[in-house]
Amino acid sequence: MELPESGDCIVLSAISPLEAISVEAVGPVFLFLVSHTKLDGSFKRNDLLPAQDSESFDDEDTTEYKFDDDLEYLRSLDPKEWKEQDHYAVLGMADLRHRATEDDIKRAYKQKILKHHPDKRKAIGEEIRRDDDYFTCITRAWEMLGNPVKRRSYDSIDPGFNDDIPEEKDAKNNFYEISFLQVMGKAFQDNSRWSEKKPVPQLGGPDTPREKVERFYSFWYEFESWREYSYLDEEDKESGQDRDMRKWIEKKNKATRAKRKKEEMTRIRSLVDTAYSLDPRIKKFQRDDKERKTAAKRAKQEAARARQLEEERQLREVAERERVESERKQSEEKARNDALKQEREAQKKAVRRERKAIRDLCKANDYYTNDPGESLKHMESVEKICELFKLARLEDVTRKLQSEGRKGFLEVVEETERKIEEERRAGVETNDRKSCTPERNAKCITVLWTENDLQLLIKAVNLFPAGTNQRWDVVANFINQHGNASSNVTRTAKEVLAKAKDLQATDFSKSSLKDQANKKAFDNFIAEKKGKDGIDDRMPAVTERHDNPLTNGNSNTRILDHSSTQNCGGGEEETFPKEKDVKKETALSWTPVEQKLLEQALKTYSATVPDRWDHIAACIPSRTKKQCMRRYKELVELVKAKKAAQLGK
């Protein structure tokens, strides 16, 4: 260092000695140098670069790529089978393949033209044979790869791509690796080239977060492939002779492409399913979810149990408080009841003491009279006073008797009688108010019931018991039919029911109606007997029958025994009943009253009523069940005979 004033140099530090440093050659410059260096073997860029994602290969620099020139492969090709050739290998890009850019394809094609064009080959003195026309294959490769649409069609069936799915055994052992030498990661990396969406997520490793793993499988389960299989069409639609033929070829080609597309998506889905089923991260996530759900369920159960315990504790506290409160109230109630009981006992003792004092005082004074009859009345009055008055009044009575004597006693007796009379009148008025309802007032307004009407009502109620169809209408009809026609009184069912309830509520055993009914029973019997005799004179003694009906199922038993016959001159026999049978039938003849009762009972009790004939016999006191049934059969036979006679006319 030189100072400006003196110009002297000052050495601040010595120069360090030189050292040899080992430097690793990397970077684009080194690659450029190596690519231009003459080597015995062909230079391959992939031998120097580490494995990268599919996106990185799209961006790699291929400007200095050296294209292969395999003359033996070119001469082995058949121009007629140009679809079977590997176009990338023909142009010397077997390693680049789908990663090759348009410039790479153009450069490769130019190199092939300059070297393998027939004119160039003739210029260098090479013999051209007709069976060695491989330049046509080079031209076909350029036509296919130089056109983006045709190149996409060829890339879809790239022969260098492996469509096989990795075996589960190999995938389990090398699941996470993504290098080209491994299994599942390489499979996803290879198939990512078909994705319509970019960038394509990769499989990742064991430490990949759950969000990325789920995003990866979500992407592949919704994978959209751009592969189309037009390159494999069996026929070109342009080869069709007419439009219909071309349309038919196009339709056939589309169906074949759709089938191959479906198989491709099935292959991708199978790959993703296999990976998902074998992925240990998914299993770990599932275990974690299960444990989390179990923990949440356990926490919920514990919370519910704690809540239940808390509710039970609160219920116990409430029950305990209620029990304590109940015991307190019971003890208070018991104490109050004991106090009231003691008070009542004390009051009862005081009342008994005052009553005894009054009785002793009156007895000592000979009940304030010298007359034995009056003395008995005064004794009754003393008992009334003792039973009617309460303690305070009894004390006043005692004092009054002690001070005033007979005068006071008579005043107390008079007051007692007056009070008893007032209570009696109040009770009567209360009963009258209760009984004086609009319904009872309406009953009072109706026509009075005579003794004959009441007897008919009682008889009708007994004839038509409970259960009779429209019973009270039948009873009212019975009373109206058998009542006094001169009175012109018609009883309704509601009026009859009200009177029956009234009779039922009263004590009939103490009524004079029963005595009168018993007294008039004989008179009624005589009157009924006279009416019956008069009717019997007007009616035949024996009921005529036109045939011989069966009785009780016995064909040998008949109502009329026709065993007595008489021959009347002309050879015809006339049959007469026996004398004993005539007497029997005469004794069993039915009166009009009994006939009406039978008809009414038959209407009341239909054939569906159980024990029908028992009820019917109960309605006719003078007939048995068997007689009623026999009479019914006779009536049926009479009706049949009458109908038969009318039909005969």
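Note that this is a predicted model, so its numbers are computed, not measured.

Draft legend 1. Highlighting the overall build of the protein. The number of helices and strands found in the protein is 25 helices and 2 strands. For the protein, the proportion of its 649 residues judged to be buried stands at 26%. Intrachain contacts of the protein at a sequence separation of at least 6 include 62% that bridge at least 24 residues. About 45800 Å² of surface is accessible on the protein, with carbon and sulfur atoms providing 52% of the total.

Draft legend 2. Empty space enclosed by the protein, seen in detail. Scanning the model with the defined rule gives 2 cavities of 30 Å³ or more in all. The volume enclosed by the second largest cavity comes to roughly 30 Å³. As for the second largest cavity, its lining consists of Glu 234, Glu 235, Trp 248, Ile 249, Lys 252 and Asn 253. Of the residues belonging to the lining of the second largest cavity, the class tally is 2 nonpolar, 1 polar and 3 charged.

Draft legend 3. Here's a closer look at the packing of aromatic side chains. With the rule as written, the count across this model stands at 16 aromatic pairs. Relative to Trp 220, the ring of Phe 188 has its centre 5.0 Å away and its plane inclined at 70°; by these criteria the two rings are edge-to-face. Of the two residues, Phe 188 sits in helix 10 (residues 184-191) while Trp 220 sits in helix 11 (residues 210-221), which places them 32 residues apart along the sequence. As far as burial versus exposure is concerned, Phe 188 and Trp 220 are alike and both buried.

Draft legend 4. Broad picture of the nonpolar core. Grouped together as the largest cluster of nonpolar side chains are 25 residues, with contacts concentrated most on Phe 464, Ile 616 and Cys 628. For this core, the elements supplying multiple residues, two or more each, are helix 18 (451-463), helix 19 (471-482), helix 23 (592-604) and helix 24 (612-619). Ignoring anything within four residues of it in the chain, the contact list for Phe 464 reads Arg 471, Val 474, Val 475, Phe 478, Gln 600 and Cys 619. With 24 residues, the next largest nonpolar core counts Phe 67, Ile 105, Ala 141 and Tyr 231 among its residues.

Draft legend 5. How the structure looks around helix 7 (residues 135-145). The set of residues buried in helix 7 consists of Phe 135, Cys 137, Ile 138, Ala 141, Met 144 and Leu 145. Looking at the buried positions of helix 7, the neighbouring elements they touch are helix 3 (71-75), helix 4 (87-90), helix 5 (102-116), helix 6 (118-123) and helix 8 (148-156).

Draft legend 6. Summary view of the pattern of salt bridges. Throughout the structure, instances matching the rule amount to 37 salt bridges. Among the ionic pairs, Arg 210 bridges to Glu 214, the shortest N-O distance being 2.8 Å. Of this pair, Arg 210 and Glu 214 both sit in helix 11, 4 residues apart, which is roughly one turn of the helix. Since its relative accessible area comes to 26%, Arg 210 is described here as partly exposed.

Draft legend 7. Structural context of the environment of Val 183. Mapped onto the elements, Val 183 comes out in the loop between helix 9 (168-173) and helix 10. Distance in space between the C-alpha atoms of Val 183 and Glu 167 is 8.6 Å, their sequence separation being 16 residues.

Draft legend 8. Quick look at the side chain of Lys 112. With respect to the helices, strands and loops of the structure, Lys 112 is situated in helix 5. Since its relative accessible area comes to 4%, Lys 112 is described here as buried. Residues within four places of Lys 112 in sequence aside, it is in contact with Asp 68, Asp 69, Val 90, Leu 91, Gly 92, His 117, Phe 135 and Ile 138.

Draft legend 9. Structural context of unusual backbone geometry. Each neighbour pair has its own omega, and for Lys 198 with Pro 199 the value is -5°, a cis peptide bond. Mapped onto the fold, Pro 199 is located in the loop between helix 10 and helix 11. The phi dihedral of Gln 470 falls on the positive side, at around 50°, and the residue is not glycine. In this structure, Gln 470 sits in the loop between helix 18 and helix 19. Judged by relative accessible area, which is 53%, Gln 470 ranks as exposed. Phi angles above zero are rare outside glycine, and Asp 611 is one such case at about 55°. Looking at the secondary structure, you find Asp 611 in the loop between helix 23 and helix 24. Using a relative accessible area of 54% as the deciding quantity, one classes Asp 611 as exposed.

Draft legend 10. Structural view of the environment of Arg 246. If you trace the backbone, Arg 246 turns up in helix 12 (residues 243-278). You can call Arg 246 partly exposed: its relative accessible area is 30%. Between the alpha carbons of Arg 246 and Glu 235 there is a distance of 9.7 Å; along the sequence they are 11 residues apart.

Draft legend 11. Layout of the packing of helix 13 (residues 280-364) against helix 15 (residues 391-404). Running from amino to carboxyl end, helix 13 crosses helix 15 at an angle of 25°, the nearest separation of the two axes being 10 Å. Judged by the angle between their axes, helix 13 and helix 15 are roughly parallel. Seen from above, helix 13 lies across helix 15 with left-handed handedness. Of the residues in helix 15, those touching helix 13 at Gln 347, Ala 350, Val 351, Glu 354, Arg 355, Ile 358, Leu 361 and Cys 362 are Leu 391, Leu 394, Glu 395, Val 397, Thr 398, Leu 401 and Gln 402.

Draft legend 12. The arrangement of helix 18 in detail. Across its 13 residues, helix 18 extends 18 Å between first and last C-alpha, which sits within 8% of the 18 Å expected from 1.5 Å per residue. All buried positions along helix 18 are accounted for by Asp 453, Leu 454, Leu 456, Leu 457, Ala 460 and Leu 463.

Draft legend 13. Broad picture of the side chain of Asn 253. Positionally, Asn 253 belongs in helix 12. Apart from residues lying up to four places away in sequence, Asn 253 is in contact with Asp 233, Glu 234 and Glu 235.

Draft legend 14. Structural detail: the confidence of the model for the protein. Residue-level pLDDT values for the protein average 75, and 73% of them are 70 or greater. Throughout residues 177-181 the model reports pLDDT below 50, and contacts reaching past four residues in sequence, or to other chains, amount to 15 contacts. Scored below 50 in pLDDT, residues 534-587 makes 53 contacts in the model with residues more than four places away or belonging to other chains.

Draft legend 15. Broad picture of the packing of helix 11 against helix 12. In contact at an axis separation of 9 Å, helix 11 and helix 12 are set at 155° when each is read in the N-to-C sense. Regarding the angle of helix 11 to helix 12, the classification is roughly antiparallel. Of the two elements, helix 11 crosses helix 12, and the hand of that crossing is left-handed. Here Tyr 217, Trp 220 and Tyr 221 of helix 11 lie close against helix 12, whose contacting residues are Ile 268, Arg 269, Val 272, Asp 273, Ala 275 and Tyr 276. Grouping the amino acids of the contact of helix 11 with helix 12 by side-chain chemistry returns 7 nonpolar, no polar and 2 charged.

Draft legend 16. Quick peek at a negative patch on the surface. A surface patch of negative charge is lined by Asp 68, Asp 70, Glu 72 and Asp 95. With a relative accessible area of 33%, Asp 68 lands in the partly exposed category.

Draft legend 17. How the structure looks around the environment of Glu 168. One can find Glu 168 in helix 9. You can call Glu 168 partly exposed: its relative accessible area is 45%. It is 7.8 Å that separates the C-alpha atoms of Glu 168 and Leu 278, two residues lying 110 residues apart in sequence. Discounting chain neighbours no more than four positions away, the residues touching Glu 168 are Thr 274 and Leu 278.

Thresholds, definitions, all that
- Residues numbered from 1 in each chain as written.
- Predicted model: local features only at pLDDT ≥ 70, side-chain atom pairs only at ≥ 80, totals over all residues.
- Heavy atoms only, no water.
- Helix = DSSP H or I, 4+ residues; strand = E, 2+ residues; numbered from the N terminus.
- Buried < 20%, exposed > 50% of the residue type's maximum accessible area, 1.4 Å probe, protein only.
- Contact = heavy atoms within 4.5 Å.
- Areas by Shrake-Rupley, 256 points an atom, 1.4 Å probe, with all protein chains shown as cover.
- 1 Å grid on protein atoms, 1.4 Å probe; cavity = no way out; pocket = protein on both sides within 12 Å on 5 of 7 lines; lining within 4 Å.
- Points joined across faces, edges and corners; volume = space filled by probe spheres on them.
- Nonpolar A, V, L, I, M, F, W, Y, C, P; charged D, E, K, R; others polar.
- Phe/Tyr/Trp six-rings, centres within 6.5 Å; stacked < 30°, edge-to-face > 60°.
- Core = buried A, V, L, I, M, F, W, Y, C linked by side-chain atoms within 4.5 Å.
- Salt bridge = Lys/Arg side-chain N within 4 Å of Asp/Glu carboxyl O.
- Axes fitted to C-alpha atoms, helices over the stretch in contact; angles between N-to-C directions.
- Parallel < 35°, antiparallel > 145°, perpendicular 65-115°, else oblique.
- Left-handed = near helix turned anticlockwise from the far one by under 90°.
- Expected span 1.5 Å × (residues − 1).
- pLDDT = per-residue confidence, 0-100.
- Patch = residues over 30% accessible without salt bridge, like charges linked within 9 Å, V, L, I, M, F, W, Y side chains within 5 Å.
- Lys, Arg positive; Asp, Glu negative; His and termini not counted.
- Charge placed at Lys NZ, Arg CZ, Asp CG, Glu CD.

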